[in-house]
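Tertiary structure, described
In case you want the letters, here they are:
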Amino acid sequence: MSVRTNLEEIYNKIKHACQKVNRDPSEIMIIGVTKYVTIERAEEAIKAGITNLGENRTEELTEKYNQLSDEVKWHFIGTLQSRKVRDIIDKVDAIHSLDRLSIAKQINSRSNDVIDCFVQVNVSGETSKHGLSPEDVVPFIEKLAEYEKVRVVGLMTMAPHIEDKDKIRQVFKKLAQLKTRIQDNHYEHAPCQFLSMGMSNDYEIAIEEGATHIRIGSSLVGPE
Ligand SMILES: *Cc1c(COP(=O)(O)O)cnc(C)c1O
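Residues numbered from 1 in each chain as written. Predicted model: local features only at pLDDT ≥ 70, side-chain atom pairs only at ≥ 80, totals over all residues. Heavy atoms only, no water.

1. Some points on the packing of aromatic side chains
What counts is decided by this rule: When the centres of two rings from Phe, Tyr and Trp lie within 6.5 Å, Trp using its six-membered ring, the rings pair. Their planes under 30 degrees apart give stacked, over 60 give edge-to-face, and anything left gives tilted. Counting as a charge over the ring demands two things of the Lys NZ or Arg CZ atom: a distance within 6 Å of the ring centre and an angle within 35 degrees of the ring normal.
Inspection of every chain in the model, using the stated rule, returns 0 aromatic pairs. The ring centre of tyrosine 65 lies 5.7 Å from the NZ or CZ of lysine 91, which sits over that ring.

2. Section: helix 3 (residues 58–67)
Note on helix geometry: an α-helix contains 3.6 residues per turn, so any two residues three or four positions apart are oriented the same way. As a reminder of what qualifies: Residue burial is assigned from relative accessible area. The probe radius is 1.4 Å, only protein chains are included, and a residue is buried under 20% of its type maximum, exposed over 50%, and partly exposed in between. Helical segments are the DSSP runs of H or I of at least four residues, strand segments are the runs of E of at least two, and each set is numbered from the N terminus. To be clear, the arc concerns the directions from the helix axis to the C-beta atoms. We call two residues in contact whenever any of their non-hydrogen atoms come within 4.5 Å of each other.
Among the residues making up helix 3, those that are buried are Thr58, Leu61 and Lys64. Down the axis of helix 3, the buried side of the element spans an arc of 135°, and every buried residue falls inside it. Against the buried residues of helix 3 lie helix 2 (39–47), strand 2 (52–55), strand 3 (73–76), helix 4 (85–88) and strand 4 (92–98).

3. Here we look at the environment of alanine 159
Mapped onto the elements of the fold, alanine 159 is located in the loop between strand 6 (150–156) and helix 7 (165–184). When the C-alpha positions of alanine 159 and valine 171 are compared, they lie 6.3 Å apart, and in sequence the two are 12 residues distant. Here alanine 159 is in contact with Lys129, Ile168, Val171, Phe172 and Asp202, once residues within four sequence places are set aside.

4. Re the side chain of threonine 34
Take threonine 34: it is sitting in the loop between strand 1 (29–33) and helix 2. Beyond its immediate sequence surroundings of up to four residues, threonine 34 is in contact with Ala42, Leu53, Gly54, Glu55, Lys64 and Trp74.

5. Quick look at helix 1 (residues 3–21)
To keep things clear, this is the line we draw: Multiply 1.5 Å by the residue count of a helix minus one, and that product is the helix's expected span.
Between its first and last C-alpha, helix 1 extends 27 Å over 19 residues, near the 27 Å set by a 1.5 Å rise per residue. When helix 1 is considered as a whole, its buried residues turn out to be Val3, Asn6, Leu7, Ile10, Ile14, Ala17 and Cys18. Along the long axis of helix 1, the arc covered by the buried residues comes to 105°, so they all point the same way. Helix 1 presents Glu8, Gln19 and Lys20 as exposed residues on the side facing more than 90 degrees away from its buried surface. Residues of helix 1 that are buried make contact with strand 1, helix 2, helix 8 (203–208), strand 8 (213–216) and helix 9 (218–221).

Purely geometric stuff here, so don't read any function into it on its own.
As structure tokens, then:
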């Protein structure tokens, strides 16, 4: 399947999910996750109109960054080791996986610019998942105030890989509620207006629950 064909279907589903809850599709950013695919396939996504790409490994991001168009905006979506922050910090538009102060510290000392960050939350409580427990998020964000290069633009989560759509929806709902709580605190360094949630299997539910950034890999650039 061409990326263009896949993208048309994704646009349709986004439109449909938005209609259900009275949202405007222009509020949703598609991040094309290219972690599984070749440079050529990533190029196909860019040609189809995807300008935001996501990678979960620093080496892969660097390699694709060097080979693909300067127009691409890069999102780091994977587990980040603090010693690798410096490898990607001048290449990314946003980091979706901030969950430790050691990373914030590295961003602060390595970056010239303020970096848009999403705090990753482990809403489902699965031990296999990275991210903060929901109750730790507010204290964590308060501590980030001292790192002036870190701007908390939103929260990120991954829903569990399960069939139960209600359970998935509960995860997204909880993240949205947490976002509202943080916004109500009016932190200057943490406007927290965005929700990075929803992947190939669950982005429609995520959109219904308020996602602004959906991270789509397999259903966009998957099976060629
Ligand atoms: C791989 C990955 C995605 C995309 O997953 P798909 O199911 O292929 O859409 C999204 N977010 C993160 C953090 C990922 O690691």
